[in-house]
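Understanding the architecture of this molecule
Below are the chains, spelled out letter by letter.
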Amino acid sequence: MAASQPNVLPPLIGDSQGRYKIRVLGNSGSGKSTVSHQLASMLDIPLLSLDELYWQPGWKPMPNNEFRDKIMSFMEKNASRGWVVDGDYVRMGGAVVHEHATDVIWLDPPLMLYFPRLVFRTFRRLIGVESSCSNGCPESIREVFFSKSSILWWCLSQHRVVIDRNSAQMKIWGLEVGSRPPKERKMRRLGGWGSEVTDWLQSVWKMVKGP
């Protein structure tokens, strides 16, 4: 009698009509924006960056109720196509994305890999080579190096916080480890030094192209 083959999960779950509504999570600098743009391009679906939505010119935060309403409006407007939402912002209203997502992708590379990338990106933004995370929100030397709101300090201080929070979510929603019924599981973790993310994106592309 032949041994049964293990179930092979597709790179994305989607819904019964083949639509993908994807939430991409991870600490600052973990690669969310890059992966989100690649997914939106491959699947030809719209992308919402929560950084760009939340931060208004002059680094003014959008009120939480308005922020949540705009997220809901984006998801409802694109419900028939699918979407990608890049970012967390749980306390500000971003948690609503989880309720509507078919797939939750947690990017969890080692800090030693992504912190240097964040430093390099921040330097490029300081000298004007790379655009800021939101229009009208330039980064300054004072904010980057001498402020408690520094993106570099935020990254370091939130590394363990993000891991703990998303590990707890994986225990509930993880595709192979979650406590929810299999049909309700939708979260996957992508860690490692880069090859895991690359291989997964290639699997998504193969899925889109078909046999």
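The text that follows walks through the structure, step by step, so that each part is easy to find. (Residues numbered from 1 in each chain as written. Predicted model: local features only at pLDDT ≥ 70, side-chain atom pairs only at ≥ 80, totals over all residues. Heavy atoms only, no water.)

**Let's talk about the overall build of the chain**
Looking only at helices and strands, the chain features nine helices and seven strands. Computed over C-alpha atoms, the radius of gyration of the chain comes to 18 Å, within 12% of the 17 Å expected from 2.2 N^0.38 for 211 residues, which places it in the range of a compact globule. For the chain, the spread of C-alpha atoms along the principal axes amounts to about 70 × 40 × 35 Å. Classification of the 211 residues of the chain by burial places 43% in the buried group. Residue pairs in contact within the chain that sit at least 24 positions apart in sequence constitute 70% of those at least 6 positions apart. If you sum the accessible surface of the chain, you get close to 12,300 Å²; carbon and sulfur atoms cover 56% of it. (Helix = DSSP H or I, 4+ residues; strand = E, 2+ residues; numbered from the N terminus. Rg over C-alpha atoms; globule rule 2.2 N^0.38 Å. Buried < 20%, exposed > 50% of the residue type's maximum accessible area, 1.4 Å probe, protein only. Contact = heavy atoms within 4.5 Å. Areas by Shrake-Rupley, 256 points an atom, 1.4 Å probe, with all protein chains shown as cover.)

**A look at helix α1 (residues 32-43)**
Compared with the 16 Å implied by 1.5 Å per residue over 12 residues, the 16 Å span of α1 between its first and last C-alpha is a close match. Of the residues making up α1, those classed as buried are Lys32, Val35, Ser36, Leu39, Ala40, Met42 and Leu43. The arc enclosing the buried residues of α1, seen along the axis, measures out at 165°, which places them on a common side. Facing away from the buried surface of α1 by more than 90 degrees, the exposed residues are Thr34 and Ser41. Lining the buried residues of α1 we find β1 (21-25), β2 (47-49), β5 (83-86), β6 (103-107) and α9 (195-209). Directly after α1, the chain includes Asp44, whose backbone phi takes a positive value near 55°. (Expected span 1.5 Å × (residues − 1). Arc of directions from axis to C-beta.)

**A word on unusual backbone geometry**
The phi angle at Trp59 is positive, at roughly 60°, despite the residue not being glycine. Its location among the elements puts Trp59 in the loop between β3 (55-56) and β4 (60-61). Notably, Tyr89 is not glycine yet its phi reads approximately 55°, a positive angle. Examined against the element boundaries, Tyr89 turns out to sit in the loop between β5 and α4 (90-94).

**As for the pattern of salt bridges**
All chains considered together, the criterion is met by nine salt bridges. Its salt-bridge partner being Arg189, residue Asp108 comes within 2.8 Å of it at the nearest N-O pair. Here Asp108 is found in the loop between β6 and α6 (111-126), whereas its partner Arg189 is found in strand β7 (residues 187-190), with 81 residues between them in sequence. By relative accessible area, which is 39% here, Arg189 ends up partly exposed. For Arg160, the salt bridge is made with Asp164, and the minimal N-O distance between the two is 3.5 Å. In this pair, Arg160 and Asp164 are both assigned in helix α8 (residues 151-173), four residues apart and thus about one turn of the helix distant. Residue classification places Arg160 among the partly exposed positions, given a relative accessible area of 49%. Accessibility expressed as a relative area gives 46% for Asp164, which makes it partly exposed. (Salt bridge = Lys/Arg side-chain N within 4 Å of Asp/Glu carboxyl O.)

**A few points about the sheet that holds β7**
Reading across from one edge, β2-β5-β1-β6-β7 is the order of the five strands in this open sheet, with parallel pairing throughout. The open sheet terminates on both sides in strands that have one partner only, identified here as β2 and β7. Between one strand and the next, the sheet's axes are offset by a mean angle of 20°, whatever the strand orientation. Across four bridges, β1 lies against β6 in parallel orientation. Along β6, the bridge assignment pairs Val24 with Ile105. (Pairing = 2+ DSSP bridges. Axes fitted to C-alpha atoms, helices over the stretch in contact; angles between N-to-C directions.)

**Quick look at the nonpolar core**
One finds Leu50, Phe67, Ile71 and Met75 to be the most contacted residues of the largest nonpolar core, which totals 24 residues. Put simply, the parts of the chain that give this core at least two residues each are α2 (50-54), α3 (64-77), β5, α5 (96-100), β6 and α8. Residue contributions to this core peak at five residues, all from α3. Here Phe67 is in contact with Leu50, Leu53, Tyr54, Met62, Tyr89, Met92, Gly93 and Gly94, once residues within four sequence places are set aside. Counting residues in each nonpolar core, the second largest holds 18 residues, with Val24, Leu39, Trp200 and Leu201 among its members. (Core = buried A, V, L, I, M, F, W, Y, C linked by side-chain atoms within 4.5 Å.)

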